[in-house]
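Examination of the molecular architecture
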Amino acid sequence: MEIQKENTKYLASLLANCGATQDEINDLSFDDEVGFFELNRLADWFVSQINFGWRVWQAAKAHEAEKLKGCVLV
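Quick look at the structure, then. As a convention, each chain's residues are numbered from 1 in the sequence order in which they are written. Reporting of local features is limited, given that this is a predicted model, to residues whose pLDDT is at least 70; pairs of side-chain atoms are given and counted only at 80 or more, and all residues count toward the totals for whole chains, interfaces and linings. Side-chain numbers here rest on the full set of heavy atoms in the structure, without hydrogens or water.

Before going further, it helps to spend a moment on the pairing of strand β1 (residues 28–31). Strands are labelled as partners when DSSP assigns at least two bridges between them. To qualify as a helix, a DSSP run of H or I must reach at least 4 residues; to qualify as a strand, a run of E must reach at least 2; elements of each kind are numbered from the N terminus. Here β1 pairs with strand β2 (residues 36–39) via four bridges, running antiparallel. Paired with S29 across the two strands is E38, which belongs to β2. Once β1 ends, the chain turns through four residues before running back antiparallel as β2, passing G35 with a positive phi of about 80 degrees.

This is the structure we're talking about:
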């Protein structure tokens, strides 16, 4: 379920910061099996950019989690 939370955060970020419209976001579906977004009626180049951003988002989250290993919060 964690992937769904990150998925939702990523799509909200696209909507708020990257000029994606709600209609474009609604046209995306996430394939859990392959871990990428698929298009329903959007251009391939657009979905490729979204999937590239998703991979960068995941890498940043993984780096953030790795940085926090061994840290003690007080």
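Let us look at the nonpolar core. Residues belong to one nonpolar core when they are buried, are Ala, Val, Leu, Ile, Met, Phe, Trp, Tyr or Cys, and are joined through side-chain atoms within 4.5 Å. Relative accessibility decides the category of a residue: with a 1.4 Å probe and only protein chains considered, values under 20% of the type maximum give buried, values over 50% give exposed, and everything between is partly exposed. Y10, L11, L14, A20, I25, L28, F37, F46, V47, I50 and W54 form the largest nonpolar core, which has eleven residues in total. Sorting the residues of this core by element identifies α1 (2–17) and α3 (44–68) as the ones contributing at least two each. Counting residues per element, this core draws most heavily on α3, at four residues. Those residues in contact with I25 that lie beyond four places of it in its chain are L11, L14, L15 and A20. Pairs of residues are marked as contacts when any of their non-hydrogen atoms sit within 4.5 Å.

What follows is about the side chain of N7. Residue position: N7 is located in helix α1. On the accessibility criterion, N7 (6% relative accessible area) is buried. Setting aside chain neighbours within four positions, we find N7 in contact with F30, F37 and W54.

Moving on, we get to α1. A helix is expected to reach a length of 1.5 Å times the quantity of its residues less one. With 16 residues, α1 ought to run about 22 Å at 1.5 Å a step, and its terminal C-alpha atoms sit 22 Å apart, in line with that. By the burial criterion, the buried members of α1 are E6, N7, Y10, L11 and L14. The buried residues of α1 occupy an angular sector of 135 degrees when the element is viewed end-on, so they sit on one face. The outward face of α1, more than 90 degrees from its buried face, is lined by the exposed residues E2, K5, T8, A16 and N17. Phi turns positive, to about 80 degrees, at G19, one or two residues after α1. What the arc describes is the spread of directions from the helix axis to the C-beta atoms.

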